[in-house]
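Residue strings, one per chain:
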Amino acid sequence: MARLQTPRWRFAAVLVTAAALVALLVAASRLRSEPAGPEPVAAIESALAPR
Amino acid sequence: VSERGLRLASVLLAAAGAAISAYLLVVRETGGTLVCATGGCETVQSSRYAELLGFPVAALALVGFAAVAGAALARGEWARLAHATVALTALGFSGYLLVVQVVELEAICQWCMSVDVVVTALAALALLRLRAGLR
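Just so it is clear, the structure is predicted and the values come from calculations on it, not from any experiment.

J.: I would appreciate a short explanation of the overall build of chain B in the present structure.
T.: Scanning chain B from terminus to terminus reveals five helices and two strands. When the elements of chain B are put in sequence order from the N terminus, they spell out α-α-β-β-α-α-α. For 135 residues, the compact-globule estimate of 2.2 N^0.38 gives 14 Å, and the C-alpha radius of gyration of chain B, at 15 Å, lies within 12% of that figure. Here chain B holds 135 residues, and 44% of them are scored as buried. A fraction of 74% describes how many contacts in chain B between residues 6 or more apart in sequence connect residues 24 or more apart. Surface exposure of chain B reaches about 6600 Å², of which carbon and sulfur atoms provide 69%.

And the structure:
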């Protein structure tokens, strides 16, 4: 906490916190936005099907 | 510019951003049609990127602008830090959404661009306030 008393460290803390929050938001957006893959059962049946 | 001026400008800009976000949210929830000169508003608003964890991104923006306004109204060191943190987070995420519009959706939403401009100005004001407080 003592380091946060200096302006440089306060500015760095703001930047790091904001970057972490942006990374979380982008990850949540990508998670929601990934196109859905095949249903699990369909994927297993497809993998086990005779060729 | 005094810190008081920076705080006042931040509150006014946050109110403008909140008004745009509220318009986008109301049109989305009522199923209306957006006024749009760029032609890509509906494409962007109906895309999967218009929602985040089940919540409309416009609602998230409303909360963000309220947080910026609250931090701008408050005084003290923690308020300056919170103001800059929320504003920079908004700037980063709006930059990501701008890239999504241009690269993935290939559609431009004028309202989203307006929010981007407001968010950029808010981040600049918050950084100026932070710098003034760090002296």
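We are not done yet, so read on.
J.: It is not clear to me how the nonpolar core should be interpreted in this structure. Could you clarify?
T.: Note that soluble globular proteins tend to have their nonpolar side chains buried in a common cluster. Residues and elements named next belong to chain B. Counting residues in hydrophobic clusters, the biggest one holds 20 residues, and the most contacted among them are Ala-14, Phe-65 and Leu-122. For this core, the secondary-structure elements that each account for two or more residues are helix H1 (3–30), helix H2 (41–45), helix H3 (57–73) and helix H5 (110–134). With six residues, the single largest contributor to this core is H1. The residues contacting Leu-122, other than those within four sequence positions of it, are Ser-10, Leu-13, Ala-14, Phe-65, Val-68 and Ala-87.

J.: I tried to follow the packing of H3 of chain B against helix H4 (residues 77–105) of chain B on my own but got confused; where do I start?
T.: The angle between the axes and the distance between the axes are what describe a pair of packed helices. All names here are of chain B. In the contact formed by H3 and H4, the axes pass within 8 Å of each other and the chain directions differ by 155°. In terms of axis orientation, H3 runs roughly antiparallel to H4. Between H3 and H4 lies a crossing of left-handed hand. In contact with Val-57, Leu-60, Gly-64, Ala-67, Val-68, Ala-71 and Ala-72 of H3, H4 contributes Ala-79, Ala-82, His-83, Val-86, Ala-87, Phe-93 and Leu-97. For the contact of H3 with H4, the class distribution of residues is twelve nonpolar, two polar and no charged.

J.: I'm lost on the state of the cysteines in this one. Help?
T.: Covalent bonding between the sulfur atoms of two cysteines is what defines a disulfide. Residues and elements named next belong to chain B. Taken as a whole and assessed by the stated rule, the structure comprises one disulfide over all chains. The disulfide that involves Cys-36 links it to Cys-41, with 2.1 Å between the sulfurs. Disulfide Cys-36-Cys-41: the torsion about the S-S bond is 75°, which places it as right-handed.

J.: Where do I start with H1 of chain B in this structure?
T.: Each turn of an α-helix holds 3.6 residues, which means side chains three or four residues apart point in the same direction. Residue and element names in this part refer to chain B. Helix length check: H1 (28 residues) gives 40 Å between terminal C-alpha atoms against 40 Å at 1.5 Å per residue, within 8%. What H1 keeps buried is the set Leu-6, Arg-7, Ser-10, Ala-14, Gly-17, Ala-18, Ile-20, Ser-21, Leu-24, Leu-25 and Val-27. Residue Gly-31 follows H1 closely and has a positive phi angle near 75°.

J.: I'm lost on the interface of chain A and chain B in this one. Help?
T.: Quite often, the size of an interface is put as the accessible area lost when its parts meet. Counting residues at the interface gives 16 residues for chain A and 20 residues for chain B. In total, chain A and chain B occlude about 1800 Å² of area from one another, counting both sides; carbon and sulfur atoms represent 73% of this. For Glu-104 of chain B, the salt bridge is made with Arg-30 of chain A, and the minimal N-O distance between the two is 2.9 Å. At the junction of chain A and chain B, the tally comes to four residue pairs in polar contact (both at pLDDT 80 or more). Considering only residue class, the side of chain A that touches chain B consists of ten nonpolar, three polar and three charged.

J.: Would you mind going over the pattern of salt bridges with me for this structure?
T.: Opposite charge on two side chains makes pairing possible when the charged atoms of those side chains draw close. Following the criterion strictly, the structure yields six salt bridges over all chains and no others. Between Arg-10 of chain A and Glu-77 of chain B there is a salt bridge, and its shortest N-O distance comes to 3.1 Å. Of this pair, Arg-10 of chain A sits in helix H1 (residues 7–33) while Glu-77 of chain B sits in helix H4, on two different chains. Grouping residues by exposure puts Arg-10 of chain A and Glu-77 of chain B together as buried. Notably, a salt bridge pairs Glu-77 of chain B with Arg-80 of chain B, separated by 2.9 Å at the nearest N-O pair. Of this pair, Glu-77 of chain B and Arg-80 of chain B both sit in helix H4, separated by three residues, roughly a single helical turn. Taken individually, Glu-77 of chain B and Arg-80 of chain B each receive the classification buried, so the pair is uniform in this respect. Three or more residues joined by partner-sharing salt bridges are found here, namely Arg-10 of chain A together with Glu-3, Glu-77, Arg-80 and Arg-129 of chain B.

Here is what the cut-offs are and how they apply
Residues numbered from 1 in each chain as written. Chains lettered and ligands numbered in written order. Predicted model: local features only at pLDDT ≥ 70, side-chain atom pairs only at ≥ 80, totals over all residues. Heavy atoms only, no water. Helix = DSSP H or I, 4+ residues; strand = E, 2+ residues; numbered from the N terminus. Rg over C-alpha atoms; globule rule 2.2 N^0.38 Å. Buried < 20%, exposed > 50% of the residue type's maximum accessible area, 1.4 Å probe, protein only. Contact = heavy atoms within 4.5 Å. Areas by Shrake-Rupley, 256 points an atom, 1.4 Å probe, with all protein chains shown as cover. Core = buried A, V, L, I, M, F, W, Y, C linked by side-chain atoms within 4.5 Å. Axes fitted to C-alpha atoms, helices over the stretch in contact; angles between N-to-C directions. Parallel < 35°, antiparallel > 145°, perpendicular 65-115°, else oblique. Left-handed = near helix turned anticlockwise from the far one by under 90°. Nonpolar A, V, L, I, M, F, W, Y, C, P; charged D, E, K, R; others polar. Disulfide = S-S within 2.5 Å. Expected span 1.5 Å × (residues − 1). Buried area = accessible area lost by both parts, 1.4 Å probe. Salt bridge = Lys/Arg side-chain N within 4 Å of Asp/Glu carboxyl O. Polar contact = N/O pair within 3.5 Å; in protein donor to acceptor, adjacent residues only side chain to side chain.

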